[in-house]
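Okay, here's what each chain looks like letter by letter:
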Amino acid sequence: MSVQPSTAAALARAVQSGASSPQALLEAALARIRMARSLNAVVSLNAGAEAAAMWVAERVAEGETLPLAGVPIVLKDNINARGTLTTCGSRMLANYISPYDATVVERLTAAGAVIVGKANMDEFAMGSSTETSAHGPTLNPWDRSRVPGGSSGGSAAAVAAGLVPLSLGSDTGGSVRQPAALTGVYGLKPTYGRVSRYGLVAYASSLDQIGPFARSAADLALVMNVLAGHDPRDATSLDVPPAFRVGSPDELRGLRVGVIRESLEGNTPGVEAALEALLAALRGAGAEVREVSLPHLRHAVATYYLIAMPEASSNLARYDGMVYGERVPAEDVSGSMTATRERGFGHEVKRRILIGTYALSSGYYDAYYSKAMRVRRLIADDFGRAFGDVDLLVSPTSPFPAFRLGEKMGDPLAMYAADVDTVAVNLAGLPALSVPAGFETVGGVRLPVGVQFIAPALGDERLTALAGALEGIGVVRVEPARA
Ligand code: GLN
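Criteria and thresholds
Residues numbered from 1 in each chain as written. Predicted model: local features only at pLDDT ≥ 70, side-chain atom pairs only at ≥ 80, totals over all residues. Heavy atoms only, no water. Salt bridge = Lys/Arg side-chain N within 4 Å of Asp/Glu carboxyl O. Helix = DSSP H or I, 4+ residues; strand = E, 2+ residues; numbered from the N terminus. Buried < 20%, exposed > 50% of the residue type's maximum accessible area, 1.4 Å probe, protein only. Axes fitted to C-alpha atoms, helices over the stretch in contact; angles between N-to-C directions. Left-handed = near helix turned anticlockwise from the far one by under 90°. Contact = heavy atoms within 4.5 Å. Nonpolar A, V, L, I, M, F, W, Y, C, P; charged D, E, K, R; others polar. Phe/Tyr/Trp six-rings, centres within 6.5 Å; stacked < 30°, edge-to-face > 60°. Near = heavy atom within 4 Å. Polar contact = N/O pair within 3.5 Å; in protein donor to acceptor, adjacent residues only side chain to side chain. Areas by Shrake-Rupley, 256 points an atom, 1.4 Å probe, with all protein chains shown as cover. 1 Å grid on protein atoms, 1.4 Å probe; cavity = no way out; pocket = protein on both sides within 12 Å on 5 of 7 lines; lining within 4 Å. Sits in = over half its atoms within 2 Å of the grid points. Expected span 1.5 Å × (residues − 1). Arc of directions from axis to C-beta. Core = buried A, V, L, I, M, F, W, Y, C linked by side-chain atoms within 4.5 Å. Pairing = 2+ DSSP bridges.

## Structural notes on the pattern of salt bridges
Thought 1: The tally for this structure, following the rule as stated, stands at 22 salt bridges.
Thought 2: Between Asp460 and Arg194 there is a salt bridge; the shortest N-O distance is 3.7 Å. You can see Asp460 sitting in helix α15 (residues 460-472) and its partner Arg194 sitting in the loop between β5 (186-189) and β6 (210-214), a full 266 residues away along the chain. Comparing Asp460 with Arg194 shows no difference in burial state: the two are buried.
Thought 3: Of the charged contacts, one joins Asp381 and Arg377 as a salt bridge, the two residues approaching to 3.2 Å between their closest N and O atoms. Here Asp381 and its partner Arg377 are both found in helix α12 (residues 366-386), four residues apart, which amounts to about one turn of the helix.
Thought 4: Accessibility expressed as a relative area gives 52% for Arg377, which makes it exposed.
Thought 5: Three or more residues are tied together by salt bridges with common partners; here these are Glu106, Asp231 and Arg233.

## A closer look at the packing of helix α4 (residues 103-110) against helix α7 (residues 217-227)
Thought 1: At a closest axis distance of 8 Å, the pairing of α4 and α7 adopts a crossing angle of 115 degrees. For the crossing formed where α4 meets α7, the hand is right-handed. Contact residues: Val104, Arg107 and Leu108 in α4; Val223, Val226 and Leu227 in α7.
Thought 2: A breakdown of the residues in the contact of α4 with α7 according to their chemical character gives five nonpolar, no polar and one charged.

## Some remarks on the packing of aromatic side chains
Thought 1: This structure, assessed with the given rule, holds 14 aromatic pairs.
Thought 2: Plain terms: the ring middles of Phe124 and Phe345 are 5.9 Å apart, the flat faces sit at 70 degrees to each other, and that makes the pair edge-to-face. Residue Phe124 is found in the loop between β3 (114-119) and α5 (153-160), and its partner Phe345 is found in the loop between α10 (333-344) and α11 (347-360); the two are separated by 221 residues along the sequence. The pair Phe124 / Phe345 is uniform in exposure class, with both members buried.

## Quick notes on the site of the ligand
Thought 1: Surveying the vicinity of the ligand reveals 15 residues, the closest of which are Thr172, Gly173, Ser175, Tyr203 and Tyr304.
Thought 2: With respect to the ligand, the backbone of Thr172 contributes an N or O atom lying 2.7 Å from an oxygen atom.
Thought 3: A distance of 3.4 Å separates an oxygen atom of the ligand from a polar atom in the side chain of Tyr305.
Thought 4: Alone, the ligand offers 290 Å² of accessible surface; in the complex the protein occludes 100% of this.
Thought 5: Most atoms of the ligand, that is more than half of them, are within 2 Å of grid points of the largest cavity.
Thought 6: Split into classes, the residues belonging to the shell around the ligand amount to five nonpolar, seven polar and three charged.

## Some words on α10
Thought 1: For α10, built from twelve residues, the straight-helix expectation of 16 Å at 1.5 Å per residue is met to within 8% by its first-to-last C-alpha distance of 16 Å.
Thought 2: Along α10, the residues classified as buried are Ser336, Thr340 and Gly344. Along the axis of α10, the buried residues cluster in a sector spanning 45 degrees; they form a single face. Those residues of α10 that are exposed and angled more than 90 degrees off the buried face are Thr338 and Glu342.

## Quick word on unusual backbone geometry
Thought 1: Along the chain, Gly150 connects to Ser151 via a cis peptide bond; the corresponding omega equals 10 degrees.
Thought 2: One can find Ser151 in the loop between β3 and α5.
Thought 3: One non-glycine residue, Cys88, adopts positive backbone phi at about 55 degrees.
Thought 4: Mapped onto the elements, Cys88 comes out in the loop between β2 (72-76) and α4.

## Here we look at the nonpolar core
It is characteristic of soluble globular proteins that their nonpolar side chains tend to be buried jointly.
Thought 1: Counting residues in each nonpolar core, the largest one holds 95 residues, and the members touching the most others are Leu108 and Phe453.
Thought 2: Broken down by element, the residue count for this core peaks at seven residues, all from α7.
Thought 3: Other than its neighbours up to four places away in sequence, Phe453 contacts Val257, Leu278, Leu282, Leu393, Val394, Pro431, Ala432, Leu433, Val435, Leu463, Leu466 and Leu470.

## A look at the environment of Gly450
Thought 1: You can see Gly450 is positioned in strand β11 (residues 445-454).
Thought 2: When its relative accessible area of 4% is taken as the criterion, Gly450 is described as buried.
Thought 3: Sequence spacing of Gly450 and Ala181 is 269 residues, and the spatial spacing of their C-alpha atoms is 4.0 Å.
Thought 4: Every residue in contact with Gly450, bar those within four places of it in the chain, is listed here: Ala181, Pro396, Thr397, Ser434, Val435 and Ala437.

## As for the sheet that holds strand β1 (residues 42-45)
Thought 1: The sheet built from eleven strands is open, its strands ordered β1-β3-β2-β4-β6-β5-β10-β11-β9-β7-β8 with mixed pairing. The sheet is open, and its two borders are formed by β1 and β8 (288-292), each paired with just one other strand. Within the sheet, the average angular offset between the axes of one strand and its neighbour, ignoring direction, is 30 degrees.
Thought 2: In this sheet, β11 lies alongside strand β10 (residues 432-442) in antiparallel orientation, the contact comprising ten bridges. Residue pairing in the sheet places Ala432 in a bridge with Ile454 of β11.
Thought 3: Along the sheet, α7 contacts β4 (166-170), β5, β6 and β10; its crossing angle with β6, the most-contacted strand, is approximately 150 degrees.

Pasting the structure below:
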(Lines give C-alpha, C1' and ligand atoms only; values in the text may rest on other atoms or scores of the structure.)
Protein backbone atom coordinates (compact mmCIF):
# COMPACT_ATOMS: atom_id res chain seq x y z
CA MET A 1 0.00 0.00 0.00
CA SER A 2 1.66 3.18 -1.12
CA VAL A 3 -0.48 5.79 0.67
CA GLN A 4 -0.57 6.25 4.43
CA PRO A 5 -3.68 4.33 5.46
CA SER A 6 -6.36 6.23 7.35
CA THR A 7 -6.50 6.26 11.11
CA ALA A 8 -9.56 5.10 13.03
CA ALA A 9 -10.17 8.67 14.18
CA ALA A 10 -10.24 9.95 10.59
CA LEU A 11 -12.55 7.14 9.44
CA ALA A 12 -15.00 7.75 12.29
CA ARG A 13 -15.04 11.47 11.46
CA ALA A 14 -15.72 10.71 7.80
CA VAL A 15 -18.66 8.50 8.74
CA GLN A 16 -19.99 11.01 11.23
CA SER A 17 -19.85 13.84 8.68
CA GLY A 18 -21.47 11.77 5.94
CA ALA A 19 -18.34 11.82 3.77
CA SER A 20 -18.21 8.03 4.04
CA SER A 21 -20.41 5.21 5.31
CA PRO A 22 -19.84 2.17 7.51
CA GLN A 23 -20.82 -0.05 4.58
CA ALA A 24 -18.24 1.60 2.30
CA LEU A 25 -15.52 1.23 4.98
CA LEU A 26 -16.44 -2.43 5.43
CA GLU A 27 -16.30 -3.08 1.68
CA ALA A 28 -12.90 -1.41 1.44
CA ALA A 29 -11.55 -3.39 4.41
CA LEU A 30 -12.82 -6.65 2.90
CA ALA A 31 -11.17 -5.80 -0.41
CA ARG A 32 -7.84 -5.12 1.30
CA ILE A 33 -8.11 -8.37 3.27
CA ARG A 34 -8.78 -10.29 0.05
CA MET A 35 -5.80 -8.68 -1.67
CA ALA A 36 -3.53 -9.51 1.25
CA ARG A 37 -4.78 -13.08 1.64
CA SER A 38 -1.28 -14.49 1.19
CA LEU A 39 -0.18 -12.80 4.45
CA ASN A 40 -2.59 -15.16 6.27
CA ALA A 41 -3.31 -12.45 8.85
CA VAL A 42 -7.10 -12.84 8.83
CA VAL A 43 -8.40 -16.39 9.19
CA SER A 44 -12.19 -15.89 9.08
CA LEU A 45 -14.73 -13.18 8.33
CA ASN A 46 -17.67 -12.06 10.42
CA ALA A 47 -20.91 -12.98 8.62
CA GLY A 48 -22.70 -10.35 10.72
CA ALA A 49 -20.45 -7.47 9.63
CA GLU A 50 -22.84 -6.16 6.97
CA ALA A 51 -25.72 -5.99 9.45
CA ALA A 52 -23.46 -4.32 12.01
CA ALA A 53 -22.43 -1.68 9.47
CA MET A 54 -26.07 -0.98 8.63
CA TRP A 55 -26.92 -0.64 12.30
CA VAL A 56 -24.12 1.91 12.75
CA ALA A 57 -25.30 3.83 9.67
CA GLU A 58 -28.80 4.05 11.14
CA ARG A 59 -27.53 5.27 14.48
CA VAL A 60 -25.43 7.96 12.82
CA ALA A 61 -28.38 8.97 10.60
CA GLU A 62 -30.43 9.39 13.78
CA GLY A 63 -27.86 11.92 14.98
CA GLU A 64 -25.89 9.78 17.42
CA THR A 65 -22.18 10.42 17.85
CA LEU A 66 -20.17 7.21 18.07
CA PRO A 67 -16.42 7.36 18.80
CA LEU A 68 -15.60 4.48 16.43
CA ALA A 69 -18.41 5.05 13.92
CA GLY A 70 -17.95 2.50 11.14
CA VAL A 71 -14.32 1.68 12.02
CA PRO A 72 -13.41 -1.82 10.78
CA ILE A 73 -11.63 -3.92 13.38
CA VAL A 74 -10.25 -7.45 13.54
CA LEU A 75 -10.06 -9.53 16.68
CA LYS A 76 -7.52 -12.12 17.69
CA ASP A 77 -9.18 -15.49 17.22
CA ASN A 78 -9.36 -16.16 20.97
CA ILE A 79 -11.88 -13.35 21.55
CA ASN A 80 -15.52 -14.42 21.33
CA ALA A 81 -17.83 -12.48 19.03
CA ARG A 82 -21.28 -13.97 18.58
CA GLY A 83 -21.67 -15.93 15.36
CA THR A 84 -17.96 -15.90 14.51
CA LEU A 85 -15.59 -18.84 14.42
CA THR A 86 -13.31 -18.68 17.46
CA THR A 87 -10.65 -21.29 16.76
CA CYS A 88 -7.79 -20.08 18.97
CA GLY A 89 -5.58 -21.25 16.11
CA SER A 90 -6.32 -24.84 17.12
CA ARG A 91 -7.77 -27.91 15.43
CA MET A 92 -9.54 -28.48 18.72
CA LEU A 93 -11.85 -25.52 18.06
CA ALA A 94 -11.81 -25.65 14.26
CA ASN A 95 -15.62 -25.48 14.05
CA TYR A 96 -16.40 -23.61 17.26
CA ILE A 97 -18.79 -20.70 16.75
CA SER A 98 -19.11 -18.23 19.63
CA PRO A 99 -22.60 -18.11 21.15
CA TYR A 100 -21.89 -14.77 22.86
CA ASP A 101 -19.91 -11.52 22.72
CA ALA A 102 -16.86 -10.80 24.86
CA THR A 103 -17.24 -7.60 26.89
CA VAL A 104 -14.67 -5.88 24.65
CA VAL A 105 -16.80 -6.80 21.63
CA GLU A 106 -19.94 -5.39 23.25
CA ARG A 107 -18.05 -2.18 24.00
CA LEU A 108 -16.54 -1.86 20.52
CA THR A 109 -19.87 -2.52 18.86
CA ALA A 110 -21.70 -0.02 21.05
CA ALA A 111 -19.03 2.54 20.09
CA GLY A 112 -19.80 1.99 16.39
CA ALA A 113 -16.95 -0.34 15.40
CA VAL A 114 -17.60 -3.11 12.89
CA ILE A 115 -15.95 -6.48 13.57
CA VAL A 116 -14.73 -7.55 10.14
CA GLY A 117 -13.07 -10.83 11.02
CA LYS A 118 -10.72 -12.82 13.18
CA ALA A 119 -6.93 -12.74 13.16
CA ASN A 120 -4.43 -15.57 13.16
CA MET A 121 -2.53 -16.50 16.33
CA ASP A 122 -0.30 -19.11 17.86
CA GLU A 123 -2.37 -22.07 19.06
CA PHE A 124 -4.10 -21.01 22.30
CA ALA A 125 -1.76 -17.98 22.33
CA MET A 126 1.27 -20.15 23.07
CA GLY A 127 4.16 -18.84 21.07
CA SER A 128 6.13 -15.82 19.91
CA SER A 129 5.89 -16.19 16.14
CA THR A 130 2.33 -17.21 15.08
CA GLU A 131 3.85 -20.38 13.64
CA THR A 132 2.04 -22.84 15.93
CA SER A 133 -1.34 -21.93 14.41
CA ALA A 134 -3.42 -24.70 12.85
CA HIS A 135 -4.14 -22.16 10.08
CA GLY A 136 -0.44 -21.98 9.17
CA PRO A 137 1.87 -19.05 9.89
CA THR A 138 1.17 -15.36 9.29
CA LEU A 139 3.85 -13.60 7.24
CA ASN A 140 5.48 -10.35 8.28
CA PRO A 141 4.33 -7.63 5.85
CA TRP A 142 7.82 -6.07 5.94
CA ASP A 143 9.50 -9.29 4.83
CA ARG A 144 7.45 -12.31 3.91
CA SER A 145 10.26 -14.70 4.76
CA ARG A 146 9.97 -13.59 8.40
CA VAL A 147 7.51 -14.04 11.28
CA PRO A 148 5.29 -11.18 12.50
CA GLY A 149 5.98 -12.15 16.12
CA GLY A 150 3.34 -13.70 18.31
CA SER A 151 1.15 -14.86 19.60
CA SER A 152 -1.11 -12.08 18.21
CA GLY A 153 0.79 -12.01 14.90
CA GLY A 154 -2.33 -11.85 12.72
CA SER A 155 -3.69 -8.82 14.57
CA ALA A 156 -0.33 -7.05 14.31
CA ALA A 157 0.18 -7.84 10.62
CA ALA A 158 -3.38 -6.70 9.80
CA VAL A 159 -2.73 -3.25 11.25
CA ALA A 160 0.84 -3.00 9.92
CA ALA A 161 -0.30 -3.89 6.39
CA GLY A 162 -3.09 -1.29 6.57
CA LEU A 163 -5.93 -3.83 6.29
CA VAL A 164 -7.67 -2.23 9.30
CA PRO A 165 -6.65 0.72 11.49
CA LEU A 166 -7.19 -1.13 14.78
CA SER A 167 -7.14 -4.68 16.06
CA LEU A 168 -7.21 -6.51 19.36
CA GLY A 169 -4.76 -9.07 20.67
CA SER A 170 -4.12 -10.68 24.02
CA ASP A 171 -0.91 -10.32 26.01
CA THR A 172 -0.02 -13.02 28.53
CA GLY A 173 3.74 -12.65 28.28
CA GLY A 174 4.23 -10.15 25.48
CA SER A 175 1.84 -11.29 22.75
CA VAL A 176 0.65 -7.77 21.94
CA ARG A 177 3.89 -5.85 22.46
CA GLN A 178 6.34 -8.20 20.73
CA PRO A 179 4.38 -8.58 17.46
CA ALA A 180 3.74 -4.81 17.51
CA ALA A 181 7.51 -4.31 17.69
CA LEU A 182 8.24 -6.81 14.92
CA THR A 183 5.67 -5.25 12.55
CA GLY A 184 6.26 -1.57 13.34
CA VAL A 185 3.02 -0.53 15.05
CA TYR A 186 1.85 0.38 18.56
CA GLY A 187 0.82 -2.42 20.93
CA LEU A 188 -0.50 -1.76 24.42
CA LYS A 189 -0.79 -4.20 27.29
CA PRO A 190 -3.03 -2.62 29.96
CA THR A 191 -2.73 -2.99 33.73
CA TYR A 192 -4.11 -6.39 34.74
CA GLY A 193 -7.82 -5.79 35.36
CA ARG A 194 -8.33 -2.62 33.35
CA VAL A 195 -9.80 -4.39 30.33
CA SER A 196 -12.34 -7.15 30.91
CA ARG A 197 -11.27 -10.70 30.14
CA TYR A 198 -14.89 -11.88 29.89
CA GLY A 199 -15.10 -13.69 26.57
CA LEU A 200 -11.34 -14.03 26.11
CA VAL A 201 -10.43 -17.72 25.91
CA ALA A 202 -8.14 -18.27 28.89
CA TYR A 203 -4.49 -19.22 28.52
CA ALA A 204 -2.95 -18.21 31.87
CA SER A 205 -5.63 -16.32 33.75
CA SER A 206 -3.42 -14.45 36.21
CA LEU A 207 -1.40 -13.00 33.31
CA ASP A 208 -3.85 -12.63 30.39
CA GLN A 209 -4.90 -9.15 29.32
CA ILE A 210 -6.52 -7.91 26.09
CA GLY A 211 -4.78 -5.02 24.34
CA PRO A 212 -5.02 -3.02 21.10
CA PHE A 213 -2.76 -2.54 18.07
CA ALA A 214 -2.86 0.88 16.38
CA ARG A 215 -0.96 3.11 13.97
CA SER A 216 -1.27 6.35 15.94
CA ALA A 217 -1.21 7.50 19.54
CA ALA A 218 -4.59 9.15 19.04
CA ASP A 219 -6.17 5.89 17.89
CA LEU A 220 -4.65 4.10 20.85
CA ALA A 221 -6.22 6.60 23.26
CA LEU A 222 -9.51 6.48 21.36
CA VAL A 223 -9.86 2.72 21.52
CA MET A 224 -8.63 2.44 25.13
CA ASN A 225 -11.36 4.85 26.24
CA VAL A 226 -13.82 2.38 24.72
CA LEU A 227 -12.22 -0.84 26.00
CA ALA A 228 -11.26 -0.02 29.59
CA GLY A 229 -13.62 0.08 32.53
CA HIS A 230 -15.27 -2.08 35.14
CA ASP A 231 -17.03 -5.30 34.18
CA PRO A 232 -18.92 -7.26 36.86
CA ARG A 233 -18.57 -10.40 34.69
CA ASP A 234 -14.79 -10.47 35.22
CA ALA A 235 -13.97 -11.00 38.91
CA THR A 236 -10.53 -9.39 38.44
CA SER A 237 -11.90 -6.28 36.71
CA LEU A 238 -10.91 -2.97 38.28
CA ASP A 239 -13.31 -0.08 38.71
CA VAL A 240 -11.11 2.66 37.23
CA PRO A 241 -12.77 4.80 34.55
CA PRO A 242 -10.54 5.39 31.52
CA ALA A 243 -9.10 8.85 30.82
CA PHE A 244 -6.77 8.22 27.89
CA ARG A 245 -5.45 11.16 25.92
CA VAL A 246 -2.55 12.11 23.70
CA GLY A 247 0.23 14.20 25.25
CA SER A 248 2.38 16.95 23.78
CA PRO A 249 6.18 17.33 23.70
CA ASP A 250 6.26 19.86 26.57
CA GLU A 251 5.10 17.08 28.90
CA LEU A 252 8.47 15.37 28.42
CA ARG A 253 10.21 18.12 30.39
CA GLY A 254 11.20 16.76 33.78
CA LEU A 255 9.79 13.29 33.03
CA ARG A 256 11.90 10.74 34.92
CA VAL A 257 12.65 7.75 32.69
CA GLY A 258 14.56 4.71 33.98
CA VAL A 259 16.41 2.53 31.49
CA ILE A 260 16.35 -1.08 32.66
CA ARG A 261 20.03 -2.03 32.97
CA GLU A 262 19.31 -5.77 32.71
CA SER A 263 17.75 -5.25 29.26
CA LEU A 264 20.83 -3.66 27.70
CA GLU A 265 22.75 -6.88 27.03
CA GLY A 266 22.25 -9.19 24.07
CA ASN A 267 20.47 -6.84 21.69
CA THR A 268 21.18 -6.52 17.97
CA PRO A 269 22.95 -3.33 16.81
CA GLY A 270 19.74 -1.98 15.26
CA VAL A 271 17.80 -2.47 18.49
CA GLU A 272 20.58 -0.77 20.46
CA ALA A 273 20.66 2.13 18.01
CA ALA A 274 16.88 2.63 18.08
CA LEU A 275 16.84 2.65 21.89
CA GLU A 276 19.80 5.08 22.01
CA ALA A 277 18.12 7.43 19.51
CA LEU A 278 14.92 7.42 21.53
CA LEU A 279 16.77 8.12 24.78
CA ALA A 280 18.70 10.97 23.13
CA ALA A 281 15.43 12.47 21.88
CA LEU A 282 13.91 12.17 25.36
CA ARG A 283 16.92 13.93 26.90
CA GLY A 284 16.75 16.58 24.19
CA ALA A 285 13.13 17.24 25.11
CA GLY A 286 14.02 17.75 28.77
CA ALA A 287 13.42 14.29 30.25
CA GLU A 288 15.74 12.95 32.96
CA VAL A 289 17.02 9.61 31.74
CA ARG A 290 18.93 7.34 34.11
CA GLU A 291 19.77 3.66 34.42
CA VAL A 292 17.97 1.57 36.99
CA SER A 293 18.56 -2.03 38.02
CA LEU A 294 15.88 -4.69 38.55
CA PRO A 295 18.05 -7.55 39.82
CA HIS A 296 15.44 -10.32 39.71
CA LEU A 297 14.57 -9.71 36.07
CA ARG A 298 17.06 -12.36 34.97
CA HIS A 299 14.68 -14.96 36.43
CA ALA A 300 11.63 -13.57 34.62
CA VAL A 301 11.50 -16.01 31.68
CA ALA A 302 11.85 -19.13 33.87
CA THR A 303 9.36 -17.74 36.38
CA TYR A 304 6.89 -16.82 33.68
CA TYR A 305 6.88 -20.24 32.04
CA LEU A 306 6.61 -22.01 35.41
CA ILE A 307 3.43 -20.03 36.09
CA ALA A 308 1.94 -19.81 32.59
CA MET A 309 2.24 -23.55 31.86
CA PRO A 310 0.56 -24.77 35.07
CA GLU A 311 -2.27 -22.28 34.57
CA ALA A 312 -2.59 -23.40 30.95
CA SER A 313 -2.67 -27.07 31.93
CA SER A 314 -5.62 -26.31 34.18
CA ASN A 315 -7.44 -23.98 31.75
CA LEU A 316 -7.09 -26.39 28.84
CA ALA A 317 -8.55 -29.33 30.78
CA ARG A 318 -11.97 -28.24 29.49
CA TYR A 319 -11.14 -29.34 25.92
CA ASP A 320 -12.10 -32.97 26.29
CA GLY A 321 -14.48 -33.25 23.36
CA MET A 322 -17.49 -33.30 25.67
CA VAL A 323 -18.49 -29.63 25.70
CA TYR A 324 -16.46 -27.61 23.20
CA GLY A 325 -15.27 -28.23 19.69
CA GLU A 326 -14.04 -31.44 18.14
CA ARG A 327 -14.77 -34.91 19.45
CA VAL A 328 -12.99 -38.05 18.35
CA PRO A 329 -15.26 -41.03 19.07
CA ALA A 330 -13.84 -44.08 20.86
CA GLU A 331 -15.05 -47.13 22.78
CA ASP A 332 -15.58 -45.32 26.06
CA VAL A 333 -15.64 -41.76 27.41
CA SER A 334 -12.08 -41.79 28.66
CA GLY A 335 -10.82 -43.18 25.35
CA SER A 336 -12.70 -40.48 23.49
CA MET A 337 -11.21 -37.75 25.66
CA THR A 338 -7.71 -39.09 25.13
CA ALA A 339 -8.17 -39.39 21.37
CA THR A 340 -9.73 -35.91 21.17
CA ARG A 341 -6.85 -34.29 23.01
CA GLU A 342 -4.28 -36.28 21.10
CA ARG A 343 -5.71 -35.15 17.77
CA GLY A 344 -7.00 -31.70 18.68
CA PHE A 345 -3.91 -30.17 20.30
CA GLY A 346 -0.70 -29.30 18.51
CA HIS A 347 2.80 -30.12 19.65
CA GLU A 348 3.57 -26.96 21.64
CA VAL A 349 0.25 -27.03 23.48
CA LYS A 350 0.84 -30.65 24.50
CA ARG A 351 4.33 -29.83 25.69
CA ARG A 352 2.98 -27.07 27.91
CA ILE A 353 0.16 -29.16 29.36
CA LEU A 354 2.71 -31.85 30.24
CA ILE A 355 5.22 -29.46 31.79
CA GLY A 356 2.47 -27.51 33.55
CA THR A 357 0.92 -30.63 35.04
CA TYR A 358 4.33 -31.85 36.15
CA ALA A 359 5.13 -28.53 37.87
CA LEU A 360 1.85 -28.76 39.81
CA SER A 361 2.15 -32.41 40.79
CA SER A 362 2.69 -33.42 44.38
CA GLY A 363 6.39 -33.56 45.17
CA TYR A 364 7.25 -30.98 42.49
CA TYR A 365 4.79 -28.23 43.36
CA ASP A 366 7.08 -26.67 45.98
CA ALA A 367 10.18 -26.92 43.84
CA TYR A 368 8.61 -25.36 40.76
CA TYR A 369 5.22 -23.66 40.90
CA SER A 370 5.38 -22.45 44.45
CA LYS A 371 8.96 -21.20 44.06
CA ALA A 372 7.99 -19.40 40.84
CA MET A 373 5.18 -17.65 42.71
CA ARG A 374 7.68 -16.38 45.28
CA VAL A 375 10.05 -15.12 42.58
CA ARG A 376 7.06 -13.44 40.93
CA ARG A 377 6.69 -11.40 44.11
CA LEU A 378 10.41 -10.47 44.08
CA ILE A 379 10.09 -9.27 40.47
CA ALA A 380 7.00 -7.20 41.30
CA ASP A 381 8.89 -5.69 44.26
CA ASP A 382 11.79 -4.75 41.95
CA PHE A 383 9.35 -2.77 39.82
CA GLY A 384 7.80 -1.20 42.91
CA ARG A 385 11.20 0.03 44.07
CA ALA A 386 12.14 1.34 40.63
CA PHE A 387 8.91 3.33 40.40
CA GLY A 388 9.87 5.06 43.64
CA ASP A 389 12.49 6.95 41.59
CA VAL A 390 11.14 7.16 38.04
CA ASP A 391 7.83 7.83 36.26
CA LEU A 392 8.36 5.31 33.47
CA LEU A 393 10.73 2.46 32.69
CA VAL A 394 12.07 1.75 29.24
CA SER A 395 13.71 -1.24 27.52
CA PRO A 396 13.74 -2.85 24.09
CA THR A 397 10.50 -4.75 23.36
CA SER A 398 12.48 -7.58 21.77
CA PRO A 399 16.25 -8.11 21.63
CA PHE A 400 16.06 -8.57 17.85
CA PRO A 401 13.81 -7.65 14.92
CA ALA A 402 11.63 -10.21 13.10
CA PHE A 403 13.32 -13.60 12.75
CA ARG A 404 12.97 -16.01 9.85
CA LEU A 405 10.04 -18.40 9.50
CA GLY A 406 11.15 -21.73 10.94
CA GLU A 407 14.24 -20.29 12.59
CA LYS A 408 13.18 -21.04 16.17
CA MET A 409 10.52 -23.71 15.70
CA GLY A 410 12.90 -26.57 16.44
CA ASP A 411 14.21 -24.96 19.62
CA PRO A 412 11.52 -24.15 22.22
CA LEU A 413 13.98 -22.50 24.61
CA ALA A 414 15.14 -20.10 21.89
CA MET A 415 11.48 -19.27 21.21
CA TYR A 416 10.83 -18.68 24.94
CA ALA A 417 13.94 -16.49 25.15
CA ALA A 418 12.34 -14.14 22.60
CA ASP A 419 10.09 -13.01 25.48
CA VAL A 420 12.97 -11.87 27.70
CA ASP A 421 11.90 -8.20 27.67
CA THR A 422 8.15 -8.62 27.98
CA VAL A 423 7.17 -11.35 30.47
CA ALA A 424 8.16 -9.54 33.68
CA VAL A 425 5.52 -6.89 33.01
CA ASN A 426 2.77 -9.55 33.05
CA LEU A 427 4.17 -11.17 36.20
CA ALA A 428 3.86 -7.77 37.91
CA GLY A 429 0.49 -6.91 36.30
CA LEU A 430 1.81 -3.61 34.92
CA PRO A 431 0.82 -1.61 31.83
CA ALA A 432 3.34 -1.35 28.99
CA LEU A 433 3.40 0.02 25.45
CA SER A 434 5.60 -0.94 22.53
CA VAL A 435 6.26 2.03 20.25
CA PRO A 436 7.67 1.83 16.71
CA ALA A 437 11.15 3.27 17.19
CA GLY A 438 12.95 2.75 13.91
CA PHE A 439 14.38 0.06 11.69
CA GLU A 440 17.24 -2.35 11.45
CA THR A 441 18.37 -3.17 7.95
CA VAL A 442 19.10 -6.87 7.60
CA GLY A 443 20.20 -8.22 4.24
CA GLY A 444 18.99 -5.05 2.53
CA VAL A 445 15.51 -5.25 4.09
CA ARG A 446 14.25 -2.74 6.66
CA LEU A 447 12.81 -4.51 9.67
CA PRO A 448 10.89 -2.55 12.34
CA VAL A 449 12.28 -2.18 15.88
CA GLY A 450 10.15 -1.55 18.97
CA VAL A 451 10.89 0.11 22.30
CA GLN A 452 8.81 -0.68 25.37
CA PHE A 453 7.70 1.82 28.01
CA ILE A 454 6.40 0.45 31.31
CA ALA A 455 4.24 2.46 33.74
CA PRO A 456 3.27 1.76 37.35
CA ALA A 457 -0.01 -0.12 37.92
CA LEU A 458 -2.97 2.01 36.76
CA GLY A 459 -0.55 4.38 35.02
CA ASP A 460 -1.84 3.23 31.60
CA GLU A 461 -2.89 6.77 30.70
CA ARG A 462 0.75 7.90 30.93
CA LEU A 463 1.56 5.61 28.01
CA THR A 464 -0.78 7.11 25.41
CA ALA A 465 0.19 10.58 26.64
CA LEU A 466 3.84 9.68 26.13
CA ALA A 467 3.17 8.20 22.68
CA GLY A 468 1.58 11.48 21.60
CA ALA A 469 4.57 13.43 22.89
CA LEU A 470 7.01 11.12 21.09
CA GLU A 471 5.07 11.54 17.84
CA GLY A 472 5.21 15.28 18.48
CA ILE A 473 9.00 15.31 18.53
CA GLY A 474 9.09 13.02 15.51
CA VAL A 475 11.03 10.17 17.11
CA VAL A 476 8.16 7.69 16.94
CA ARG A 477 6.21 7.13 13.77
CA VAL A 478 4.31 4.31 12.06
CA GLU A 479 5.25 3.75 8.44
CA PRO A 480 2.98 1.74 6.16
CA ALA A 481 4.27 -1.72 5.28
CA ARG A 482 3.77 -3.24 1.87
CA ALA A 483 0.71 -5.49 2.09
N1 GLN B 1 5.37 -16.05 24.03
C2 GLN B 1 4.74 -16.16 25.31
C3 GLN B 1 4.18 -17.55 25.49
O4 GLN B 1 4.31 -18.30 24.60
C5 GLN B 1 3.67 -15.13 25.47
C6 GLN B 1 2.42 -15.51 24.80
C7 GLN B 1 1.30 -14.53 25.07
O8 GLN B 1 1.52 -13.43 25.55
N9 GLN B 1 0.10 -14.99 24.81
O10 GLN B 1 3.64 -17.89 26.49
